[in-house]
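# Understanding the architecture of this molecule
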Amino acid sequence: MAGGSNAGASDSHVLDRLAATVAARRGADPSTSYTAKLLAAGPAKAAQKLGEEAVETVIEAVRGDPAKLAAESADLLYHLTVLWAAAGVEPATVWAELERREGTSGLAEKAARKTQG
Ligand SMILES: N=c1c2ncn([C@@H]3O[C@H](COP(=O)(O)OP(=O)(O)OP(=O)(O)O)[C@@H](O)[C@H]3O)c2ncn1[C@@H]1O[C@H](COP(=O)(O)O)[C@@H](O)[C@H]1O
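These numbers were taken from a predicted model, which means no experiment stands behind them. (Residues numbered from 1 in each chain as written. Predicted model: local features only at pLDDT ≥ 70, side-chain atom pairs only at ≥ 80, totals over all residues. Heavy atoms only, no water.)

### A closer look at the confidence of the model for the chain
- Looking at the chain as a whole, its pLDDT mean stands at 90, while 89% of the residues score no less than 70.
- The low-confidence segment residues 1-7 (pLDDT under 50) makes seven contacts with residues lying over four places distant or belonging to another chain.
- Here the complex is predicted with pTM 0.88, and the ipTM for its interfaces comes to 0.92. (pLDDT = per-residue confidence, 0-100. Contact = heavy atoms within 4.5 Å.)

### Concerning the site of the ligand
- The ligand sits among Leu 18, Thr 21, Arg 25, Ser 33, Tyr 34, Thr 35, Lys 49, Glu 53, Asp 75, Tyr 78 and His 79.
- A distance of 2.5 Å separates an oxygen atom of the ligand from a polar side-chain atom of Ser 33.
- The contact in question runs from an oxygen atom of the ligand to an N or O atom on the backbone of Tyr 34, over 2.9 Å.
- For the ligand, whose unbound accessible area comes to 850 Å², protein coverage reaches 52%.
- Of all the elements in the fold, those that place two or more residues in the shell around the ligand are α1 (13-24), α2 (34-41), α3 (43-63) and α4 (66-87).
- No other element matches the three residues that α4 contributes to the shell around the ligand. (Near = heavy atom within 4 Å. Polar contact = N/O pair within 3.5 Å; in protein donor to acceptor, adjacent residues only side chain to side chain. Areas by Shrake-Rupley, 256 points an atom, 1.4 Å probe, with all protein chains shown as cover. Helix = DSSP H or I, 4+ residues; strand = E, 2+ residues; numbered from the N terminus.)

### Quick notes on the packing of α3 against α4
- Direction vectors running N to C along α3 and α4 enclose 165°, while the axes themselves pass 9 Å from each other. Here α3 lies roughly antiparallel to α4, going by the angle between them. Every pair of crossing elements has a handedness; the one defined by α3 and α4 is left-handed. Where α3 approaches α4, its residues Pro 43, Ala 46, Ala 47, Lys 49, Leu 50, Glu 53, Ala 54, Glu 56, Thr 57, Glu 60 and Ala 61 are matched on the opposing element by Lys 68, Leu 69, Glu 72, Ser 73, Asp 75, Leu 76, His 79, Leu 80, Val 82, Leu 83 and Ala 86.
- Tallied by class, the residues present in the contact of α3 with α4 amount to 12 nonpolar, three polar and seven charged. (Axes fitted to C-alpha atoms, helices over the stretch in contact; angles between N-to-C directions. Parallel < 35°, antiparallel > 145°, perpendicular 65-115°, else oblique. Left-handed = near helix turned anticlockwise from the far one by under 90°. Nonpolar A, V, L, I, M, F, W, Y, C, P; charged D, E, K, R; others polar.)

### Topic: the pattern of salt bridges
- Summed over all chains, the structure comprises five salt bridges.
- The shortest N-O distance in the salt bridge between Glu 52 and Lys 49 comes to 3.2 Å. Placement of the pair is Glu 52 and Lys 49 together in helix α3, with a separation of three residues, close to one helical turn.
- A salt bridge links Glu 60 to Arg 63; the nearest nitrogen and oxygen atoms lie 3.3 Å apart. (Salt bridge = Lys/Arg side-chain N within 4 Å of Asp/Glu carboxyl O.)

### Let's talk about the side chain of Glu 60
- By the element assignment, Glu 60 lies in helix α3.
- Judged by relative accessible area, which is 10%, Glu 60 ranks as buried.
- A polar atom in the side chain of Glu 60 sits 3.3 Å from the side chain of Arg 63. (Buried < 20%, exposed > 50% of the residue type's maximum accessible area, 1.4 Å probe, protein only.)

### A few points about the packing of α2 against α4
- It is the contact of α2 with α4, at a shortest axis distance of 10 Å, that shows an interaxial angle of 45°. In terms of axis orientation, α2 runs oblique to α4. Along this stretch, α2 crosses α4, giving a crossing that reads as right-handed. Here α2 contributes Tyr 34, Thr 35, Leu 38 and Leu 39 to the contact with α4, which in turn contributes Tyr 78, His 79, Val 82, Ala 85 and Ala 86.

This is the structure we're talking about:
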């Protein structure tokens, strides 16, 4: 976050820029854009690629190499933004959901779910 402890060139706004680039690739030439190729293939293909990248991320996490885990995480986030674009999810909707959850402990949320049946 700009202004936060990790402020600098590499902050979370890169996700918004990435999502905007991905959205702009809709309808572009698949021979010049990997994103356009994935979007043309539809949400199921984007979901499949996300699953593959998730597995590769898990593998690097288990291997214990932080640099490779970071690289796989970037692949995972890229493919997640492609899936959102393919499935009609605006990044702002996800950011809003994360903001809504801010300050609510996962343990408290889980306990509330149990009492709701
Ligand atoms: N961040 C990324 C990014 N991360 C990973 N990838 C690509 O994702 C692909 C997935 O890796 P794989 O090993 O699964 O590739 P593969 O086996 O060739 O894939 P498939 O043939 O199975 O689909 C690779 O081709 C990577 O280059 C990305 N491609 C694009 N971006 C961003 O998207 C922007 C637009 O890219 P284009 O749409 O290609 O212009 C770029 O400027 C970047 O900012």
